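The primary structure of each chain is shown beneath.
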Amino acid sequence: MKKWYLFIVMLLLMGLVACGTGGGNNTTAEPVAEEPVAEEPVAEEPMEEEPMEEEMAFEPMVMAAENCDYGGLIKEIAALDELTVQFTMCAPDPAFPSKAAFTAFAIQPSEYLEATGGTGDLLEKPIGTGPYMVENWARGEEVVFKRYDGYWGDAAKTETLVFRWNSEAAARLLELQAGTVDGIDNPAPDDFATIEADSSLALINRPALNIFYVAMNNTYEPFTDEKVRQAIAMGIDRQRIVDNFYPAGSEVASHFTPCSIPNACVGDSWYEFDPEAARALLAEAGFPDGFSTEIAYRDVVRSYLPEPGVVAQDIQAQLKENLNIDAEIVVMESGAFLDASDSGDLPGLHLLGWGADYPDMTNFLDYHFGAGASKQFGDKFDDITAALTQGAALASDEARMPFYEEANNAIKQHVPMIPVAHGGSGVAYAAAVEGGHASPLGNEYFAVMNPGKDTFVWMQNAEPISLYCSDETDGESLRACEQVTEALLSYEIGGTAVQPALATSCDPNEDLTVWTCHLREGVTFHDGSKLDANDVVVSWGLQWDASHPLHIGNTGAFTYFSALWGGFLNAPEE
């Protein structure tokens, strides 16, 4: 039935093209195989035959931009045959494997994507290829996953996986101590010693591949003035924040990207705390008596921000003490906050951060400051975007270094945000849990964990926003999706190295402008359908093309795709 479905869809698309609906940068989705021709019966006399379903030849799909003038990095996504998909780029992309391994680019059945209309059931009932499938999501209470017995890899250790949540670190620890959960995310800094002293528990530290920052949008007064932004950068004592509110293993950020990533800390270090110079600069900008603004944040614990409420209060106090700025604290619901940030709708300061999806400068700088980044900081800075574009196209760290030095220096000059801390964090498990680990990417993989019983219960900081992670950016959603859906490649368990997943390999041409991915044979989705290259084309293509009828999702932002692949095809003009 899958092949008949694709054949009919292709005929409809061909009919639309024949009627003149194409144009501009529109994608094409064309079958490249000829339509099978029915053979004439060879028997002279009519014969009764068993009814049988005719097998159709695979009809490869192609989505392509007419050219690269639209500004993005991808030129074409093409199914070459049933198990081969090829990505043709507008420029060399050495980070392609690391990006393609990320959960936002997981593959779901093309028929299911079409049936949901790109929204609806897709948001709560993903159909993936992973070791678990969603059994039930009781909003506000828990998400229950069941083991998928048809999984192509090693079967999950437990039959049932349950995700619960609580925003209070103390409450999460009490649940773990009581034995009602088997693992918790982000214990409070003050609880590290308590967990380490309890023989029934195990604390695992998570490497600080993250950044907490104070953001400003340069399209709102008075943050339109670069001097105002620079004054605030000098007027906040970041060391005080780290010393008072962060656990061991944390450090004040000298640059936006953690220094363990190549080229992260080339260029000038961030401004030193200097309230006197900050006040002088603010007066020079026309605000000798300060001004009024707000500090928005979501009350969700993160490895980069373990105590959001008290940090917000400390920043509020520092702004008043050092710059005479009156800042009202505004606490927002997590999904609404992220949507407002991405849309550029937060008029004052806001507190946000980032944990590594893969250990490369493109993940930190391109996502936040590149040409395809969201409107979080307002208008883009041409000197930053130009340097990032050049750096991302080079393969060696040595060749990339001058461009990232230029980008880091420009970020310091323009101050779209203030990098505060790279936060140490951890996860804790019942000591009896086998296979417990902390991922530096925050994507703990529960299929390898064995609590010694049929059900593993995990408690994280917040409820997922949705389970269609192509259109989500929060860690709670992404971690849940990673148990259910899979991408072409993946990251090693508890690490950052890229390894095969749905593709056995993604091989580049010599100049890194064409990547050919070879799909694993015999992989089935949770609905029993078979993975093929057209599923990849549709899963990626509906994100890429802003005019695609399935480009809907939860908010329709598809932030990761735009940020990491340089922008959308057929994006509406602003």
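Counting from 1, residues in each chain are numbered in the order their sequence is written. The predicted nature of this model means local features are confined to residues of pLDDT at least 70 and side-chain atom pairs, given and counted, to a pLDDT of 80 or more, with totals for whole chains, interfaces and linings taken over all residues. The side-chain numbers reported here are obtained from all heavy atoms of the structure, hydrogens and water having been left aside.

(A) Here's a closer look at helix 12 (residues 382–392). Along helix 12, the residues that are buried comprise Ile384, Thr385, Ala387, Leu388, Gly391 and Ala392. Buried residues along helix 12 cover an arc of 165 degrees about the axis, so they all sit on one side. In helix 12, the exposed residues that point more than 90 degrees away from the buried face are Asp382 and Thr389. Should any heavy atoms of two residues lie within 4.5 Å, those residues are counted as being in contact. Segments assigned H or I by DSSP are reported as helices when at least four residues long, segments assigned E as strands when at least two residues long, and all are numbered from the N terminus. On its buried face, helix 12 sits against helix 11 (361–369) and helix 13 (397–414). Relative accessibility thresholds used throughout: buried, under 20% of the residue-type maximum; exposed, over 50%; partly exposed, between the two (1.4 Å probe, protein chains only). In this description, the arc belongs to the directions extending from the helix axis to the C-beta atoms.

(B) Molecular detail of the confidence of the model for the chain. Confidence of the predictor in every single residue is expressed as pLDDT, which spans 0 to 100. Residues of the chain with pLDDT of at least 70 account for 90%, and the chain-wide mean is 91. Confidence drops under pLDDT 50 across residues 1–54; counting only partners more than four residues distant or on other chains, this segment forms 68 contacts.

(C) Here's a closer look at the environment of Met234. Within the secondary structure, Met234 sits in helix 6 (residues 226–235). Here the alpha-carbon distance between Met234 and Glu272, two residues 38 residues apart in the chain, equals 6.2 Å. Dropping the residues within four chain positions of it, Met234 is found in contact with Tyr271, Glu272, Phe273, Asp274, Pro275, Ala277, Ala278 and Leu281.

(D) Region of interest: the sheet that holds strand 2 (residues 74–81). Read from one edge of the open sheet, five strands run 1-2-3-20-19, paired in antiparallel fashion. The open sheet has two free edges, formed respectively by strand 1 (62–64) and strand 19 (503–508), since each of these has just one partner strand. Strand after strand, the sheet turns through a mean of 15 degrees between neighbouring axes, direction not considered. Summarising the sheet, strand 1 and strand 2 pair through three bridges and their orientation is antiparallel. The residue of strand 2 that forms the bridge with Val62 is Ala78. Under this scheme, a helix contributes an axis fitted over its contacting stretch, all axes are lines through C-alpha atoms, and angles between N-to-C directions fall in the 0 to 180 degree range. Helix 15 (residues 533–544) contacts strand 1, strand 2, strand 3 (84–89) and strand 20 (514–519) of the sheet and is inclined by roughly 165 degrees relative to strand 2. Note: two strands are recorded as paired if DSSP finds a minimum of 2 bridges between them.

(E) Representation of the side chain of Thr84. For Thr84, the position within the fold is in strand 3. Whenever two N or O atoms come within 3.5 Å, that pair is a polar contact, provided that in protein one can donate a hydrogen and the other can accept it, and provided that, for residues adjacent in sequence, both atoms are side-chain atoms. A polar side-chain atom of Thr84 sits 2.8 Å from a polar atom in the side chain of Asp81. The contacts of Thr84, once residues within four sequence positions are left out, are Ala78, Ala79, Thr516, Cys517, His518 and Ala533.

(F) Fine view of the state of the cysteines. Disulfides are defined in this document as cysteine sulfur pairs within 2.5 Å. All chains considered together, the criterion is met by four disulfides. Across the disulfide, Cys68 is cross-linked to Cys90 (sulfur-sulfur distance 1.9 Å). Disulfide Cys68 to Cys90: torsion about the S-S bond roughly -90 degrees, handedness left-handed. On the criterion of sequence distance, the pair formed by Cys68 in the loop between strand 1 and strand 2 and Cys90 in the loop between strand 3 and helix 2 (96–100) is long-range, its members being 22 residues apart. Sequence-ordered numbering of the bonded cysteines in the chain gives a pairing of 1-2, 3-4, 5-6, 7-8.

(G) Layout of the sheet that holds strand 14 (residues 417–422). Pairing is mixed in the open sheet, where six strands are placed in the order 10-14-9-13-11-12. The sheet terminates laterally at strand 10 (251–252) and strand 12 (326–332), the two strands that pair on one side only. In the sheet, strand 11 (residues 292–298) pairs with strand 13 (residues 349–355) via two bridges, with the strands oriented parallel. Among the inter-strand pairings, Ala296 is bridged to a residue of strand 13, identified as His350. This element, helix 9 (residues 308–323), spans strand 9 (210–216), strand 11, strand 12 and strand 13 of the sheet and lies at about 165 degrees to strand 11. Of the strands in this sheet, strand 11, strand 12 and strand 13 are in contact with helix 10 (residues 334–342), which crosses strand 13 at around 95 degrees.

(H) Summary view of the packing of aromatic side chains. Pairing of aromatic side chains here covers Phe, Tyr and the six-membered ring of Trp, requires ring centres within 6.5 Å, and sorts the geometry by plane angle: under 30 degrees stacked, over 60 edge-to-face, intermediate tilted. Counted according to the given criterion, the structure contains 32 aromatic pairs. Consider the rings of Phe96 and Trp515, whose centres lie 5.1 Å apart with planes at 15 degrees: the pair is stacked. Within this pair, whereas Phe96 is found in helix 2, its partner Trp515 is found in strand 20, the two being separated by 419 residues in sequence. Given a relative accessible area of 0%, Phe96 falls into the buried group. We classify Trp515 as buried; its relative accessible area is 5%.

(I) The arrangement of the pairing of strand 9 in detail. Within strand 9, seven of the seven residues are buried, which leaves the element mostly enclosed by the surrounding structure. Alternating positions in strand 9 separate into two faces, Asn210, Phe212, Val214 and Met216 on one and Ile211, Tyr213 and Ala215 on the other, with burial throughout. Where strand 9 and strand 13 come together, seven bridges link them in antiparallel fashion. By the bridge assignment, Ala215 is partnered in strand 13 with His350.

(J) Just the pattern of salt bridges, in detail. Take a side-chain nitrogen of Lys or Arg and a carboxyl oxygen of Asp or Glu: if they are within 4 Å of each other, that pair is a salt bridge. Evaluation of the coordinates by the stated rule reveals 17 salt bridges. For Arg229, the salt bridge is made with Glu226, and the minimal N-O distance between the two is 3.6 Å. One end of the pair, Arg229, and the other, Glu226, are both in helix 6, three residues apart, so they sit about a helical turn from each other. Measuring nitrogen to oxygen at the nearest pair gives 2.4 Å for the salt bridge that ties Arg302 to Glu476. Of this pair, Arg302 sits in the loop between strand 11 and helix 9 while Glu476 sits in helix 14 (residues 475–481); the two residues are 174 residues apart in sequence, bridging distant segments of the chain.

(K) Quick look at helix 4 (residues 169–178). Along helix 4, the positions that sit buried rather than exposed are Ala169, Arg172, Leu173 and Leu176. All buried residues of helix 4 project into a common sector of 95 degrees when viewed along the axis, lining one side. Exposed positions of helix 4 whose direction lies more than 90 degrees from the buried face are Leu174 and Ala178. Turning to helix 4, the residues buried within the fold contact strand 7 (183–185), helix 5 (192–196), strand 8 (201–206), strand 15 (425–430) and strand 16 (455–460).

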